[in-house]
Amino acid sequence: MAPSFDNESSLFNFVVRDGNGVKGIVDSGISKVPQAYIQPPAEQINKNNATKCEIPPIDLSKLDGPEHDQVVNQIVRAAETLGFFQVINHGVPIELLESLKQTAHNFFALPAERKAVYRKEVSPSPLVKYGTSFVPEKERALEWKDYISMAYTNDDEALQQWPIECRDDALQYLKTSHEMVKKLLEALMGNLGVELDDSNIDVFIGKKMVNMNFYPTCPNPELTVGVGRHSDMGTLTILLQDGIGGLYVKVPEEADMENKGEWVEIPPIPGAIVINVGDMLQIWSNGRYKSAEHRVRTTSTKSRVSIPIFVSPQATQKIAPFPQVVEKDGVARYSEFVFADYMNSFFGNAHDGKKSLEFAKAN
């Protein structure tokens, strides 16, 4: 018999402690969303009001030809305005992308006890964490999402410690996307006057993580969010979304584009990968590149999966705006800090737009 979801502590135990996740609630046959998931009206997403982002995807194969400079300009312009763009001909095999989506569905279809072994408190590996929402202990309303997260150290540890059900595809995804990440960073860093090579690339992407996110069907999607408003804390996020849609990005007020201050939907494009700028890239660029504030809505018709790779600096890395950019701008907009301290601040709070960046603001 399903537990009563009106009692918050029994809901919390069922979803978080016992590892049933949101999927467990849905599988129990609920007809309405439990109170703990109902967002304040200001956070609810009205999909009828949303505009689709019609920016065409960037063809990365053209970086190797005569249109190299135009493609670099497209990447830079996207990073300076919306902080989000889509890429095609990116070098990650299309059949791997299809397989990844199926693998994610297969993992979350496992019995709760098979997934629960990876809960943070009991996981046999410090690299693997299964969870739900974002920081359930700190949230006023929970997010309608379960996830598995796999940190990368080296191939051997990934193969030994990542869940057997998803490790092969996840590792291939990480490895086959590396060249694309390098090319994107070369374009973005080069525009700031910073040369990227094998000796310094780890400064920017020394820490890598693959997540698989699962957004079960929701009886009242208009009351919930899959992920609340936030920007990603790292350097870049490489995101595979499925065909269902539901990813929204906020157009910055200062952006030189239409729909300023509004939420636009990033429509799924078959075979494309979504790229978004993280907080560290905004800080290194002294605010020229914009980390994208984004959120995810839920849907009543089909369960959705998304598979992001987060690349960021190592925890011990010192972060500050590049001196050559500060010199041009005449002011440093962010103070120096160690990335580990930023991470602690980021994971110590519920999602709240781009508030995470306040940690680094220069006084």
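Residues numbered from 1 in each chain as written. Predicted model: local features only at pLDDT ≥ 70, side-chain atom pairs only at ≥ 80, totals over all residues. Heavy atoms only, no water.

Peer 1: Sorry if this is basic, but what is going on with the packing of helix 3 (residues 68-81) against helix 8 (residues 178-190) here?
Peer 2: For any two helices packed against each other, the geometry is given by the interaxial angle and the distance between the axes. As a packed pair, helix 3 and helix 8 sit with axes 9 Å apart at the nearest point and diverge in direction by 75°. The orientation of helix 3 relative to helix 8 falls into the category roughly perpendicular. Every residue of helix 8 that contacts helix 3 at V72, I75, V76 and A79 is listed here: L184, A187 and L188. Taken together, the residues of the contact of helix 3 with helix 8 sort by class into seven nonpolar, no polar and no charged. (Axes fitted to C-alpha atoms, helices over the stretch in contact; angles between N-to-C directions. Helix = DSSP H or I, 4+ residues; strand = E, 2+ residues; numbered from the N terminus. Parallel < 35°, antiparallel > 145°, perpendicular 65-115°, else oblique. Contact = heavy atoms within 4.5 Å. Nonpolar A, V, L, I, M, F, W, Y, C, P; charged D, E, K, R; others polar.)

Peer 1: Mind showing me how you'd approach the packing of helix 4 (residues 94-108) against helix 7 (residues 167-176) here?
Peer 2: In the contact formed by helix 4 and helix 7, the axes pass within 10 Å of each other and the chain directions differ by 145°. Judged by the sense of rotation from one axis to the other, the crossing of helix 4 with helix 7 is left-handed. Facing L96, L97, S99, L100 and T103 of helix 4, the residues of helix 7 in contact are D169, A170, Q172, Y173 and T176. Among the residues making up the contact of helix 4 with helix 7, the classes are represented as five nonpolar, four polar and one charged. (Left-handed = near helix turned anticlockwise from the far one by under 90°.)

Peer 1: Can you walk me through the nonpolar core in this structure?
Peer 2: The nonpolar side chains of soluble globular proteins are, as a tendency, buried together. Core analysis: the biggest nonpolar cluster contains 76 residues, and W162, Y173 and I238 have the highest contact counts within it. With seven residues, the top contributor of residues to this core is helix 8. Beyond its immediate stretch of four places on either side in the chain, I238 contacts Y173, M180, V181, I273, V274, I275, I307, P308, I309 and V311. By size, the runner-up hydrophobic cluster in this structure holds 16 residues, among which are V227, L247, V251 and V296. (Core = buried A, V, L, I, M, F, W, Y, C linked by side-chain atoms within 4.5 Å. Buried < 20%, exposed > 50% of the residue type's maximum accessible area, 1.4 Å probe, protein only.)

Peer 1: What exactly am I supposed to notice about the pattern of salt bridges here?
Peer 2: As a working rule, side chains carrying opposite charge can pair if their charged atoms are close by. Inspection of every chain in the model, using the stated rule, returns 14 salt bridges. A salt bridge links E265 to R297; the nearest nitrogen and oxygen atoms lie 3.7 Å apart. With a gap of 32 residues between them, E265 in strand 10 (residues 263-265) and R297 in the loop between strand 12 (294-296) and strand 13 (304-312) connect regions that are remote in the sequence. E265 gets classed as buried once you look at its relative accessible area, which sits at 6%. By relative accessible area, which is 13% here, R297 ends up buried. One salt bridge connects R333 with D329, and the closest N-O pair in it is separated by 3.4 Å. With a relative accessible area of 24%, D329 lands in the partly exposed category. Beyond isolated ion pairs, a larger network of salt bridges with shared partners links K52, E265 and R297. (Salt bridge = Lys/Arg side-chain N within 4 Å of Asp/Glu carboxyl O.)

Peer 1: So what exactly am I meant to see when it comes to empty space enclosed by the protein here?
Peer 2: To locate leftover empty space, one rolls a probe as large as a water molecule over the atoms. Scanning all chains against the criterion turns up two cavities of 30 Å³ or more. Each pocket or cavity is described by its volume, and for the largest cavity that value is around 80 Å³. Around the largest cavity, the lining residues are C53, I55, P56, F84, F85, Q86, I266 and P267. The calculated volume of the second largest cavity comes to roughly 40 Å³. (1 Å grid on protein atoms, 1.4 Å probe; cavity = no way out; pocket = protein on both sides within 12 Å on 5 of 7 lines; lining within 4 Å. Points joined across faces, edges and corners; volume = space filled by probe spheres on them.)

Peer 1: Got a minute to help me understand the layout of surface pockets in this structure?
Peer 2: Of the volumes computed, that of the second largest pocket is approximately 400 Å³. Residue lining of the second largest pocket: 23 residues in total, with E54, I55, P56, R77 and M257 positioned closest to the centre. Mapped onto the lining of the second largest pocket, the elements with two or more residues apiece are strand 2 (58-59) and helix 3.

Peer 1: How should I be thinking about the packing of aromatic side chains in this particular structure?
Peer 2: Scanning the entire structure with this criterion turns up eight aromatic pairs. Centre to centre, the rings of Y37 and W144 are 5.0 Å apart; their planes meet at 80°, and the pair counts as edge-to-face. Highlighted residues: Y37 in the loop between helix 2 (21-27) and strand 1 (51-52) and W144 in the loop between strand 4 (128-132) and strand 5 (146-152), separated in sequence by 107 residues. With respect to class, Y37 is no different from W144; both count as buried. Ring geometry for F107 against F108: centres 5.2 Å apart, planes inclined by 90°, an arrangement best described as edge-to-face. Judged by its relative accessible area of 1%, F108 is buried. Three or more aromatic residues joined by ring pairs make a cluster, and in this case those are F107, F108 and F214. Over the ring of W263 we find R295; its NZ or CZ atom is 4.1 Å from the centre of that ring. (Phe/Tyr/Trp six-rings, centres within 6.5 Å; stacked < 30°, edge-to-face > 60°. Lys NZ or Arg CZ within 6 Å of the ring centre and 35° of its normal.)

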